[in-house]
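Architecture at a glance
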Amino acid sequence: MATTSKKNAPKDEWFFEIGDGQVYGPFTFTKLQKWAESGDLMPTHRVREGDEGEWIIAAYVPGLELTVATPHDKAPATPEKQDSFKASLDYMNRKLGRAKKAETEAPADDGANYGNPSALCDELLETAFERRASDIHIDPEEHILLVQFRVDGGLEAYKKYPKRLHASIIGRMKVLAKMDIAERRMPQDGRFTYELGPHRRKVDIRAACLPTTHGERLTLRLLSIDTEALTLNKLGMEPATHRLFADAVGMKQGMVLLTGPTGSGKSTTLYAALRHRLGHHPGRVITIEDPVEFDIVGVAQVEVDTADKVRFDTALRNILRSDPDVIMIGEIRDYDSADIAIKASLTGHLVLSSLHTNSAASVVTRLVDMGVPPYLVASTLRLCVAQRLVRRLCQLCRKPHEMSEAEAAGLGRPELTGQLVYEPKGCATCQNRGYKGRLGLFEMLPIDTEFGRIIVNGCDEIEIVEKMQQRGITLLADDAVNKLTAGLTSYAEAVSLMHM
């Protein structure tokens, strides 16, 4: 009877994920607790008890929500325990993208940084810049302060600090961003410029502070990290797509509209279009944005004021009296902005802007839904561009893989069974992520006479898509498959587009 009870007793086996697509384990719960205390296992990492347990974030597992021990309270481990613990963590630290700690590293070093908010904030900014992060998230929890980076579109937990550091870190950042440090109950926005990296490169940083139940959370957006990528030939366009887009950007009048969800790279493509226009067709370019993300020489950039002194509608009307050749509107939000954009394109201006829709074909229906007559849409719209971003495989460590029948079916391309593609692996160059940077997927709908005729006749989105397929126009899914077979991205990235 005792033997049966022993066999049925639950095993102390735990698994976890750190956001790289791998499942690690099994480990004992005690070992996970040690990693939680040391800061290697983050509250946002997923854990699971046993092979069939339910995934849950560590913050909701009693015993794993512990804060990182403060340097002064943390007792030094014996050499034997240190060697065993470091050996266990060695592969996990590589996956986390952290440099392996030296054996002689002393906890007192962290204590010095903990006592200096300026040094701690400098460390966060420098590390984010080194990892090419686009955002820094500083989130207070009940007992800890969690810092996460957004790298290549994915959120990576960086470090957790004692909750007592929350006020000093937030205060330092608010001072840099010229926010009111005494105001803690209202959302605030700010920005500042900081020199980062070995070459002390100036980086514009936009800050947004939001009060929550556990204190103020802060999001820092690092701008201008990839300004060298603001050219059309570095966005990931196929040669035919590049020519089509460049021709549209060079037109004297009409509208070129980009569409896609937030974070799909629309702003980057618009800025690249402006630089291309200035380089090939010099003229007067004026933009109205909320906010201005990149400074471009030769462009008059207007930022919408949060106090409503500079509003979209009033600024747009004034811009039309400023003799522009090209007008870039950050986003067409409503009928008023769409109406002014239509009028500008009818009176001899090229208008570049964006919309929040899912496909190039849905740009037409969205404008009509806003109240723009179909005949005006057909006569002013020149090009609709749908865009998404996928992670780019590290070309130094990618590993070959033959696509299985199930994988090919998942893409809707059974003929690709056995096709050689590549998967991520991880190396020092990509910080063991397997990916380095991102590239765009594009779907372009040129509004020519044929498409203009069906728009005027009141077609819907399905009819436009069917016409695009008949003419062999590359859709977003087609571009994803093309970049997969070219070895630029992985199967996981390509198939994720199919479920958007």
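Looking at an unreviewed UniProt entry, one finds the protein named Putative type II secretion system protein E and attributed to Pseudobythopirellula maris. Per its UniProt entry, the protein bears the Sequence similarities (unreviewed entry) comment "Belongs to the GSP E family."

On to the overall build of the protein. Looking only at helices and strands, one finds 17 helices and 19 strands in the protein. Within the protein, buried positions represent 46% of all 500 residues. Pairs at least 24 apart in sequence give 63% of the contacts found in the protein among residues at least 6 apart.

Bringing the packing of aromatic side chains into the picture now. Counting across every chain of the model gives 7 aromatic pairs. Between Trp14 and Phe29, the ring centres sit 5.0 Å apart and the planes meet at 50°, which makes this aromatic pair tilted. With Trp14 in strand E1 (residues 14-17) and Phe29 in helix H2 (residues 29-38), this pair connects stretches of sequence that are 15 residues apart. Comparing Trp14 with Phe29 shows no difference in burial state: the two are buried. An angle of 70° between the planes, with centres 5.6 Å apart, marks the rings of Phe16 and Trp35 as edge-to-face. With Phe16 in strand E1 and Trp35 in helix H2, this pair connects stretches of sequence that are 19 residues apart. On the accessibility criterion, Trp35 (0% relative accessible area) is buried. Here the aromatic cluster, defined as three or more aromatic residues joined through ring pairs, consists of Phe16, Tyr24, Phe27 and Trp35. In this structure, Arg398 is placed above the aromatic ring of Tyr422, and the distance from its NZ or CZ to the ring centre is 3.9 Å.

An α-helical turn contains 3.6 residues, so any two residues separated by three or four positions project in the same direction. When we look at burial in helix H14 (residues 449-456), the residues that qualify are Phe451, Gly452 and Ile455. Here the buried residues of H14 occupy an arc of 105° about the axis, which is enough to place them on one side. Structurally, H14 contributes buried residues whose contacts are with helix H11 (361-370), helix H12 (374-380), strand E19 (435-446) and helix H15 (461-470). The first or second residue beyond H14 is Gly458, which carries a positive phi of 85°.

Taken in spatial order, the 7 strands of this open sheet run E13-E12-E14-E15-E11-E16-E19, and their pairing is mixed. Only two strands of the sheet have a single neighbouring strand rather than two, namely strand E13 (299-303) and E19. Geometrically, the sheet is characterised by an average inter-axis angle of 20° between neighbouring strands, direction not taken into account. The pairing of strand E16 (residues 381-393) with E19 spans 10 bridges and is classified as antiparallel. The residue bridging Arg388 from the neighbouring strand is Leu441, located in E19.

Let us look at the nonpolar core. Core analysis: the largest hydrophobic core is formed by 57 residues, its most contacted members being Leu367 and Leu381. In terms of nonpolar packing, the next biggest core, distinct from the first, is built from 32 residues, Ile136, Tyr161, Ile169 and Met173 among them.

Let us look at the pattern of salt bridges. Going through the model one piece at a time under the given rule, you end up with 16 salt bridges. Between Arg217 and Asp139 there is a salt bridge whose closest N-O contact spans 2.6 Å. Highlighted residues: Arg217 in strand E10 (residues 215-223) and Asp139 in strand E5 (residues 135-140), separated in sequence by 78 residues. Across the salt bridge formed by Glu216 and Lys174, the nearest N and O atoms sit 3.0 Å from each other. Taken together, the positions of Glu216 in strand E10 and Lys174 in helix H6 (residues 166-176) put the pair 42 residues apart, joining distant regions of the chain. An identical accessibility class is assigned to Glu216 and Lys174; each is buried. One network of salt bridges, in which partners are shared, links Asp448, Glu450, Lys467 and Arg471.

On to the sheet that holds E10. With antiparallel pairing, 6 strands are arranged side by side in an open sheet as E7-E6-E5-E10-E9-E8. Of all strands in the sheet, those with a lone pairing partner are strand E7 (154-162) and strand E8 (188-196), marking the two edges. Adjacent strand axes in the sheet meet at a mean angle of 20°, parallel and antiparallel pairs treated alike. In the sheet, strand E9 (residues 201-212) pairs with E10 via 9 bridges, with the strands oriented antiparallel. In the sheet register, Thr212 faces E10, and the bridge partner there is Gly215.

Here Asn233 lies in the loop between E10 and helix H7 (239-249). Considering only alpha carbons, one finds Asn233 and Ala272, 39 residues apart in sequence, at a separation of 9.1 Å.

Glancing now at the packing of helix H5 (residues 117-130) against H6. Running from amino to carboxyl end, H5 crosses H6 at an angle of 75°, the nearest separation of the two axes being 9 Å. When the interaxial angle is binned, H5 and H6 end up roughly perpendicular. In contact with Pro117, Ser118, Leu120, Cys121, Leu124 and Leu125 of H5, H6 contributes Ser168, Ile169, Arg172 and Met173. Residues of the contact of H5 with H6, tallied by class, amount to 7 nonpolar, 2 polar and 1 charged.

Here the focus is the pairing of E9. Across 9 bridges, E8 lies against E9 in antiparallel orientation. Counted as the bridge partner of Thr193 is Asp204 from E9. Counting the residues between successive antiparallel strands, the hairpin from E8 to E9 contains 4 residues, one of them, Gly197, with a positive phi of roughly 85°. Hairpin geometry of E9 and E10 is characterised by an intervening segment of 2 residues between the two adjacent antiparallel strands.

About the thresholds
- Residues numbered from 1 in each chain as written.
- Predicted model: local features only at pLDDT ≥ 70, side-chain atom pairs only at ≥ 80, totals over all residues.
- Heavy atoms only, no water.
- UniProt positions renumbered as here; feature names shortened; annotations may be inferred.
- Helix = DSSP H or I, 4+ residues; strand = E, 2+ residues; numbered from the N terminus.
- Buried < 20%, exposed > 50% of the residue type's maximum accessible area, 1.4 Å probe, protein only.
- Contact = heavy atoms within 4.5 Å.
- Phe/Tyr/Trp six-rings, centres within 6.5 Å; stacked < 30°, edge-to-face > 60°.
- Lys NZ or Arg CZ within 6 Å of the ring centre and 35° of its normal.
- Arc of directions from axis to C-beta.
- Pairing = 2+ DSSP bridges.
- Axes fitted to C-alpha atoms, helices over the stretch in contact; angles between N-to-C directions.
- Core = buried A, V, L, I, M, F, W, Y, C linked by side-chain atoms within 4.5 Å.
- Salt bridge = Lys/Arg side-chain N within 4 Å of Asp/Glu carboxyl O.
- Parallel < 35°, antiparallel > 145°, perpendicular 65-115°, else oblique.
- Nonpolar A, V, L, I, M, F, W, Y, C, P; charged D, E, K, R; others polar.

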